[in-house]
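Chains, contacts and geometry: an overview
Listed below are the residues making up each chain.
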Amino acid sequence: MATERMVAQSKDRSGEVLHDTYRLVRKLAQGGMGELYEAEHARLSRKKYAVKLLQKEAAELPEIVARFRREAEITSELGHPNIVEVLDFHETEAGRPFLVMEFLEGEDLGAVLQRRGRLTPGEVAALARQVGDALSAAHAHGVVHRDMKPENIYVLDPGDGGELRAKVLDFGIS
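Calculation rules
- Residues numbered from 1 in each chain as written.
- Predicted model: local features only at pLDDT ≥ 70, side-chain atom pairs only at ≥ 80, totals over all residues.
- Heavy atoms only, no water.
- Phe/Tyr/Trp six-rings, centres within 6.5 Å; stacked < 30°, edge-to-face > 60°.
- Helix = DSSP H or I, 4+ residues; strand = E, 2+ residues; numbered from the N terminus.
- Buried < 20%, exposed > 50% of the residue type's maximum accessible area, 1.4 Å probe, protein only.
- Pairing = 2+ DSSP bridges.
- Contact = heavy atoms within 4.5 Å.
- Axes fitted to C-alpha atoms, helices over the stretch in contact; angles between N-to-C directions.
- Polar contact = N/O pair within 3.5 Å; in protein donor to acceptor, adjacent residues only side chain to side chain.

We now examine the packing of aromatic side chains. Taken as a whole and judged by the stated rule, the model has 3 aromatic pairs. Between the aromatic rings of Tyr22 and Tyr49, the centroid separation amounts to 5.7 Å while the plane-to-plane angle is 80 degrees, which identifies the pairing as edge-to-face. Of this pair, Tyr22 sits in strand S2 (residues 22-30) while Tyr49 sits in strand S4 (residues 48-54); the two residues are 27 residues apart in sequence, bridging distant segments of the chain. Between Phe68 and Phe89, the ring centres sit 5.9 Å apart and the planes meet at 55 degrees, which makes this aromatic pair tilted. Within this pair, whereas Phe68 is found in helix H3 (residues 62-78), its partner Phe89 is found in strand S5 (residues 86-91), the two being separated by 21 residues in sequence. Under the relative-accessibility criterion, Phe89 is labelled buried at 18%. Taken together, the ring pairs connect Tyr22, Tyr49 and Phe98 into an aromatic cluster.

And the structure:
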């Protein structure tokens with residue numbers, strides 16, 4: 001399968017500026033088809049963003065690029081508080097597509113469960129309600145997520161004892 005070939009570690013692009021706008025600050029993760037970076041706007045407020053950049057090999061496959069573009073378009077249209085916000089879609093000077101998302105401080109639900117074990121019934125209820133609301137909004141737009149798993153639910157902890165917040169990620173195969 002093509003995606004299995006693309007798991008090779010790519011070079012860290014931290015410090016690069018994409019499209020004269022997004023400065024890659026640090027690599028956050030690497031997946032089978034892309035890399036995720038923390039970024040900041042090069043000319044404006046230094047606000048944080050998350051940049052998802054397709055690997056070179058993936059960017060050469062039209063069906064992967066089309067799916068990546070569709071993820072950006074679908075996610076940006078949904079506009080729900082429990083769905084990650086996609087702010088921009090573009091290509092590097094070398095033709096590698098990237099999308100720019102809101103930067104989330106937290107961790108995916110899989111990591112939360114591994115670190116903490118069980119959540120309290122109140123936390124489970126709050127997260128389930130929020131994820132359900134997000135998926136309901138997607139369904140109202142004719143979008144089915146198709147890859148719901150703990151790693152695609154990002155958990156934001158306000159740190160003040162308040163309610164955990166969920167953000168649904170990765171509409172790439174919707």
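Positive phi values are uncommon outside glycine, yet His19 reaches one of about 50 degrees. Of note, His19 is situated in the loop between strand S1 (17-18) and S2. Judged by relative accessible area, His19 falls into the partly exposed class, the value being 35%. Of note, the phi angle at Asp20 is positive, near 55 degrees, even though the residue is not glycine.

With that out of the way, let us pick up the sheet that holds strand S7 (residues 107-108). Spatially, S7-S8-S9 is the arrangement adopted by the 3 strands of the open sheet, whose pairing is antiparallel. Among the strands making up the open sheet, the edge pair consists of S7 and strand S9 (165-168). Strand direction decides the pairing type here: strand S8 (residues 153-156) and S9, joined by 4 bridges, are antiparallel. When the sheet's bridge partners are listed, Val155 is paired in S9 with Ala166. Against the sheet, helix H5 (residues 121-140) makes contact with S8 and S9, and its axis sits at roughly 30 degrees relative to S9, the strand it touches most.

For Arg13, the location among the structural elements is in the loop between helix H1 (2-5) and S1. A residue is classified by how much of its surface remains accessible, and Arg13, at 12% relative accessible area, is buried. Within the structure, the side chain of Arg13 is placed 2.9 Å from the side chain of Glu16, a separation counted as a polar contact. In this view, Arg13 contacts Leu18, Leu24, Glu35, Tyr37, Leu53, Thr92 and Arg96; residues no more than four positions away in its chain are not counted.

Another aspect to go through is the side chain of Asn152. When you line up the elements, Asn152 lands in the loop between H5 and S8. Contacts of Asn152, omitting those with residues within four sequence positions, involve His145, Asp147, Lys167, Val168, Leu169 and Asp170.

Moving on to the pairing of S2. Both faces of the sheet carry side chains from a regular strand, because those side chains alternate between them. Bridging between S1 and S2 involves 2 bridges; their strand directions are antiparallel. From the neighbouring strand, Val17 faces S2, where its bridge partner is Arg23. If you look at the hairpin formed by S1 and S2, you'll find 3 residues sitting between the two strands, and His19 has a positive phi there, around 50 degrees. The pairing of S2 with strand S3 (residues 34-41) spans 7 bridges and is antiparallel. For Tyr22, the partnering residue across the bridge sits in S3 and is His41.

This next bit is on the sheet that holds S1. Pairing in this open sheet of 6 strands is antiparallel, and the strands run S1-S2-S3-S4-S6-S5 from one edge to the other. Of all strands in the sheet, those bounded by a partner on one side alone are S1 and S5. Here 5 bridges tie S4 to strand S6 (residues 97-102), and the two strands are oriented antiparallel to one another. Residue Leu53 lies in a different strand from S6, and its bridge partner there is Phe98.

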